[in-house]
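A structural walkthrough
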Amino acid sequence: VFVSLAIGLLILLTVTATSHALRRRQIRTLQVLYDSERARHASEGLFQATLYSMGDALMTTDTGGLVREMNRVAERLTGWTEAEARGQTLDQVFRVISESSREILESPVSRALREGKPVELANHTLLIAQDGTEYAIADSASPIRDESGRGTGVVLVFSDRTAQHVAEHARMIAEERLRL
């Protein structure tokens, strides 16, 4: 009877110790997951703050060229709100043409996805806003890559160069008048 009681106690002690060890391991795992999620959330917050604080227009797309995010400068230049643009193809939101030929230009996002490297649009590119307003812009697009190097989308950065464009045009006209 004493041996049976000792064996029973030993089994109970072993089960209790194992249960306690598993519980501690579970708590450590949950703590690591919690810390990781907190760090990811903080990183996303920093990304959002950076995105919305930039002085240049910035948009991101997924690998299919669908708009994910855009800052307020991009909203102002394209005439689309972020909520309206999200999920739309970039070609709908970011319409660019050649100033001289008025031909539609290939999306820099398409080129960045195809070539897998940063690309810039040619000089004398016009962005056509949703309301038809035209802006002279300079832009570049770069693939976004995850930790393993796999492409997850594209970031497009562009800036309004209309004032510089108008000044350059006025300078050229003035030089031509002086020459005549």
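Definitions and cut-offs
- Residues numbered from 1 in each chain as written.
- Predicted model: local features only at pLDDT ≥ 70, side-chain atom pairs only at ≥ 80, totals over all residues.
- Heavy atoms only, no water.
- Core = buried A, V, L, I, M, F, W, Y, C linked by side-chain atoms within 4.5 Å.
- Buried < 20%, exposed > 50% of the residue type's maximum accessible area, 1.4 Å probe, protein only.
- Helix = DSSP H or I, 4+ residues; strand = E, 2+ residues; numbered from the N terminus.
- Contact = heavy atoms within 4.5 Å.
- pLDDT = per-residue confidence, 0-100.
- Arc of directions from axis to C-beta.
- Polar contact = N/O pair within 3.5 Å; in protein donor to acceptor, adjacent residues only side chain to side chain.
- Salt bridge = Lys/Arg side-chain N within 4 Å of Asp/Glu carboxyl O.
- Pairing = 2+ DSSP bridges.

With 25 residues, the main nonpolar core has Met59, Phe94, Leu127, Ile137, Leu156 and Phe158 as its most contacted residues. Every element with two or more residues in this core is listed here: strand 1 (57-61), strand 2 (67-70), helix 2 (72-78), helix 4 (90-93), helix 5 (108-115), strand 6 (134-145) and strand 7 (151-160). Among all residues touching Leu127, those that are not within four sequence positions of it are Leu77, Thr78, Phe94, Arg95, Val96, Thr133, Glu134, Tyr135, Ile137 and Phe158.

With respect to the helices, strands and loops of the structure, Ala129 is situated in the loop between strand 5 (125-128) and strand 6. For the pair formed by Ala129 and Val96, sequence separation is 33 residues and the distance between their alpha carbons is 9.1 Å. Once residues within four sequence positions are removed from consideration, Ala129 is found in contact with Leu77, Thr78, Gly79, Arg95 and Tyr135.

In this model, the chain carries an average pLDDT of 88, and 99% of its residues clear a pLDDT of 70 or more. Of all helices and strands in the chain, the one with the weakest mean pLDDT is helix 6 (residues 162-179) (81), whereas helix 3 (residues 82-85) scores best (96).

Turning next to helix 5. If you check which residues of helix 5 are buried, you get Pro108, Val109 and Ala112. Looking straight down helix 5, one finds its buried side chains confined to an arc of 100°; they lie on one side. On its buried face, helix 5 sits against strand 1, helix 4, strand 4 (119-120), strand 6 and strand 7. Capping the start of helix 5, Ser107 holds a side-chain oxygen 3.1 Å from the backbone nitrogen of Val109, two or three residues further along.

Enumeration according to the criterion identifies eight salt bridges in this entry. With its nearest N and O atoms 2.7 Å apart, the salt bridge here joins Glu175 to Arg171. Of this pair, Glu175 and Arg171 are both found in helix 6, four residues apart, which corresponds to roughly one turn of the helix. On the basis of relative accessible area, Glu175 is assigned to the partly exposed category, the value being 44%. Here the salt bridges do not stand alone but share partners, grouping Glu106, Arg111, Arg114 and Glu115 into one network.

Turning our attention to the side chain of Thr78. The residue Thr78 is located in helix 2 in this model. At a separation of 3.2 Å, a polar atom in the side chain of Thr78 contacts the main-chain amide nitrogen of Trp80. Not counting residues up to four positions away in its chain, the partners in contact with Thr78 are Met59, Met70, Val93, Leu127, Ala129, Gln130 and Phe158.

So, about the pairing of strand 2. Pairing geometry for strand 1 and strand 2, over three bridges, is antiparallel. In the sheet register, Thr60 faces strand 2, and the bridge partner there is Glu69. Connecting strand 1 to the next strand, strand 2, in antiparallel fashion are five residues, including Gly65 with a positive phi near 80°.

Peptide bonds are mostly trans, and most non-glycine residues show a negative phi. The residue Arg102 is not glycine, and still its phi comes out positive at about 65°. Residue classification places Arg102 among the partly exposed positions, given a relative accessible area of 43%.

Below, the discussion takes up the side chain of Thr61. Relative to the helices and strands, Thr61 resides in strand 1. Using a relative accessible area of 0% as the deciding quantity, one classes Thr61 as buried. If sequence neighbours within four positions are ignored, Thr61 has contacts with Leu66, Val67, Arg68, Leu90, Val109, Thr152, Gly153 and Val154.

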